[in-house]
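Descriptive analysis of the structure
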Amino acid sequence: FPAPEIFSLQAFRFPAFEIGFRAIKEIFAKGLKPALMDFGDDSAKVHKGAVLYLALAGMREVVEAEERLTLAICDREGGEILPRDEADRFWRERHVIAHRFMQNRLQRRKGSSDELRRDWIHVALPASQVLAFRKLAMELLEKQGIDLQESGLWTQPELFSMRLAIVDSERNRLVLESTVEELLRLVQKMGGSMEYCHGVGLKLAPLMVEEHGHGLEIMRLIKKGLDPNCIMNPGKMGL
């Protein structure tokens, strides 16, 4: 792909996740397609509300028009434009998440230095169901004593993520695992999918029947035809 003629990156702070989500829905409903959209209420970074990072790229005339429209939508919905330094900092540090995932793998082997057990969910939902799911999820997490450290969106309004944490103990590990499964089953009941960026593997295999219904039997037949001795990733994906 050719380098874009112009690249525009902005950061906005919204008073609440729900308010920012409305602005994002309107941006996409108007047919605008940001090159980057990252939105969240990370408690370690955002003291109040939620922050949206939005990038537009392409021909100058198109980007300038899209920029006017997105700025107007965010302003109308109560978004406060943040200094350019904040957007630049995000761009410089956007790959830090990869290091976090590496640390999480080490944590599972050695234990966390802050005595917390963490897990993530990355689910796809109809945009109309995101806020409803988030509300129900927060109620369940509070009931189970699990901390919601961050909720957010990547790329488009239908792709919703949450970062969860609980004091690490044998009992709480089971609580976290069972709660995550309950949340994923809730997503499926609300017309969504249990994953949008990671594989099913072994962990999510028990949810494949609910996810695909009769389609799972078709997948199993294809698997059997290609791998009759079941030597390719045996046990994965519930196949």
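Taken together, the side chains of I218, I222 and L226 define a hydrophobic patch exposed on the protein surface, amounting to about 340 Å² of accessible area. When you line up the elements, L226 lands in helix α8 (residues 215-226).

What follows deals with empty space enclosed by the protein. Taken as a whole and assessed by the stated rule, the structure comprises one cavity of 30 Å³ or more. Lining the largest cavity we find S8, Q10, F12, L54, L56, E67 and T70. The dominant element in the lining of the largest cavity, judged by the number of residues it contributes, is strand β1 (residues 6-14), at three residues. Here the residues of the lining of the largest cavity are counted per class, giving three nonpolar, three polar and one charged.

Our focus in this paragraph is the layout of surface pockets. Empty space within the largest pocket amounts to approximately 870 Å³. Lining of the largest pocket is provided by 37 residues; of these, D38, K45, F90, E150 and W154 occupy positions nearest its centre. Looking at the lining of the largest pocket, the elements with two or more residues in it are β2 (36-40), β3 (50-58), α3 (84-92), α4 (96-110), β5 (116-124), β6 (147-154) and β7 (159-167). Broken down by class, the residue content of the lining of the largest pocket amounts to 18 nonpolar, eight polar and 11 charged.

Close contact between helix α1 (residues 17-29) and helix α5 (residues 130-144) brings their axes to 11 Å; oriented N to C, the two are set at 160 degrees. With respect to their mutual orientation, α1 and α5 come out roughly antiparallel. Note that α1 runs across α5; the crossing there is right-handed. Only V130, L131 and R134 of α5 make contact with α1, whose side of the interface consists of F17, E18 and F21. Here the contact of α1 with α5 is built from residues that sort into four nonpolar, no polar and two charged.

The rules behind the values
- Residues numbered from 1 in each chain as written.
- Predicted model: local features only at pLDDT ≥ 70, side-chain atom pairs only at ≥ 80, totals over all residues.
- Heavy atoms only, no water.
- Patch = residues over 30% accessible without salt bridge, like charges linked within 9 Å, V, L, I, M, F, W, Y side chains within 5 Å.
- Areas by Shrake-Rupley, 256 points an atom, 1.4 Å probe, with all protein chains shown as cover.
- Salt bridge = Lys/Arg side-chain N within 4 Å of Asp/Glu carboxyl O.
- Helix = DSSP H or I, 4+ residues; strand = E, 2+ residues; numbered from the N terminus.
- 1 Å grid on protein atoms, 1.4 Å probe; cavity = no way out; pocket = protein on both sides within 12 Å on 5 of 7 lines; lining within 4 Å.
- Points joined across faces, edges and corners; volume = space filled by probe spheres on them.
- Nonpolar A, V, L, I, M, F, W, Y, C, P; charged D, E, K, R; others polar.
- Axes fitted to C-alpha atoms, helices over the stretch in contact; angles between N-to-C directions.
- Parallel < 35°, antiparallel > 145°, perpendicular 65-115°, else oblique.
- Left-handed = near helix turned anticlockwise from the far one by under 90°.
- Contact = heavy atoms within 4.5 Å.

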